[in-house]
Every structure is written in C-alpha cells, then in structure tokens.
Amino acid sequence: MTGVPASAAGEAGRRPVPGAKLGAAAVNQASLWNIANILTMIRLVLVPGFVLLLLADGGYDPAWRAWAWAAFAVAMITDIFDGHLARTYNLVTDFGKIADPIADKAIMGSALVCLSWLGDLPWWVTGVILGRELAITLLRFWVIRYGVIPASRGGKMKTLAQGTAVGMYVLALTGALATMRFWVMAIAVVLTVVTGLDYIRQAVVLRRQGLAAERAAK
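Structure report, in brief. Keep in mind that what you see is a predicted model, and the values were worked out from it rather than measured.

### Details of the pattern of salt bridges
Step number 1: Within the structure shown, the criterion is met by eight salt bridges.
Step number 2: For D100, the salt bridge is made with R43, and the minimal N-O distance between the two is 2.8 Å. Of this pair, D100 sits in helix α3 (residues 94-117) while R43 sits in helix α1 (residues 35-55), placing them 57 residues apart in sequence. Both residues of the pair, D100 and R43, belong to the buried class.

Right, dumping it as structure tokens:
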C-alpha cells in the first residue's frame, strides 16, 4: 500500500455525524447492502486474491508482485472510503461493526504472514504487529462495559506506516527503495509498540474509573 493510507479508526470511526445530510443513494441507512458494507465485502474478497497473486510463480515474480500490490492498495483504499461513507451517511450496521475490523486484520495479517513465509520479512516483525493487534482486541473486550477508547493520532500514524511499509515489501524493490522500506518498517514497528503500550495504559485507566464509578453508585 505504498503511499496509500489506511483508515486507522476502522469501524470505530463509523460513528454517525450529528446532523449529517443523507444522500439519495443512502436513504436506507439500515440496509445490509449499503455502499459502506459493499466496500467492506470487496475488501474481504480481495484477501484470497491478494494471497494468490503474491505467492504466484513462487512469490518472486516482479509482475505478479506488482499485481499483488495493486490488490493490496485497492483493499486499503476501500478501507478509507467505507469509513468515510459510513460517517457521512450514517450507514452503520451490525454487520459492518463485525466485518470491517475482520477485513482490516485479514488483509494486513495475510500480507505479513506471506512476506515472512517468503523470507522477505523477519517473523518477529510479523509476530510483533499481529501480537499487538490480538492484544488490543482482547483489551477492547476487557473494558467494553466501561467505554470505548478512541483512535489516537499515534494510532493513525501507526496504521499509515504499517500499510506503507507492507506495500513496499510487497513490491519487488531493489537498491535505495529496498533500503528505504526497511526504515519505514522500522518506524512502523516502533509505532506499533508505542501505541500498543499507550492503549494498554488507557484501558487500565478506563477500567479503574469504571470500577470506581460502580463502587460509588452502590
């Protein structure tokens, strides 16, 4: 996804904007088949196609890698637009709340695992990024009764860095660009760890406040 930012907020950023005007194409807000959900479904369908393209011909053919990058970029672009459309036209559905984060993690996770399997990316990098995502998902369930931790600027920067770095690794780059992608990925890993720790801190604070409020209400 080199140069193509992904939506860091995902479905969390799909909260309706008060007073937002609905367009004619988004009159039926509750419909499963709204444009935001359709884009999410496209992203889900792109995941197996992306994997096949990336691993085609042994995984080292520059042409197939370029097609894989195109699929990855389209998936990331749909992530931007489905969130924007959902916010603007109040198209939030239960399906979207579940499918959107699944689609985000599926495309990024498959890219990381495939790149590590091909030997292009160290397994520990894949482990750190995917481990962080799993830990944050579990934390969300841990504090969900007390509230939702909003996406931070650091989280958005993390998502942008991850998407850009992974996109650069998907392409068969050489020379200075190959060196550059190493440093972009290094930045992504640092942001992944730092924002993960900050999320843990916020989750602990939110839970403590929630427990204190419950005790005070008794």
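We are not done yet, so read on.
### Structural notes on the packing of helix α4 (residues 123-143) against helix α6 (residues 175-217)
Step number 1: Running from N to C, α4 and α6 cross one another at 20 degrees; their axes reach a closest spacing of 10 Å. When the interaxial angle is binned, α4 and α6 end up roughly parallel. Pair α4 / α6 crosses with left-handed handedness. Contacts from W124, V125, V128, I129, R132, I136, L139, R140, W142 and V143 in α4 reach M185, V189, T192, V193, T195, G196, Y199, I200, A203, V204, L206 and R207 in α6.
Step number 2: When grouped by side-chain class, the residues that make up the contact of α4 with α6 number 16 nonpolar, three polar and three charged.

### Structural notes on the environment of L118
Step number 1: In this structure, L118 sits in the loop between α3 and α4.
Step number 2: Counting along the chain gives 59 residues from L118 to G59, while the straight-line C-alpha distance between them is 6.9 Å.
Step number 3: Setting aside residues up to four positions removed in sequence, L118 forms contacts with L54, L55, G58, G59, Y60 and R65.

Reading the values: rules and limits
Residues numbered from 1 in each chain as written. Predicted model: local features only at pLDDT ≥ 70, side-chain atom pairs only at ≥ 80, totals over all residues. Heavy atoms only, no water. Salt bridge = Lys/Arg side-chain N within 4 Å of Asp/Glu carboxyl O. Helix = DSSP H or I, 4+ residues; strand = E, 2+ residues; numbered from the N terminus. Buried < 20%, exposed > 50% of the residue type's maximum accessible area, 1.4 Å probe, protein only. Axes fitted to C-alpha atoms, helices over the stretch in contact; angles between N-to-C directions. Parallel < 35°, antiparallel > 145°, perpendicular 65-115°, else oblique. Left-handed = near helix turned anticlockwise from the far one by under 90°. Contact = heavy atoms within 4.5 Å. Nonpolar A, V, L, I, M, F, W, Y, C, P; charged D, E, K, R; others polar.

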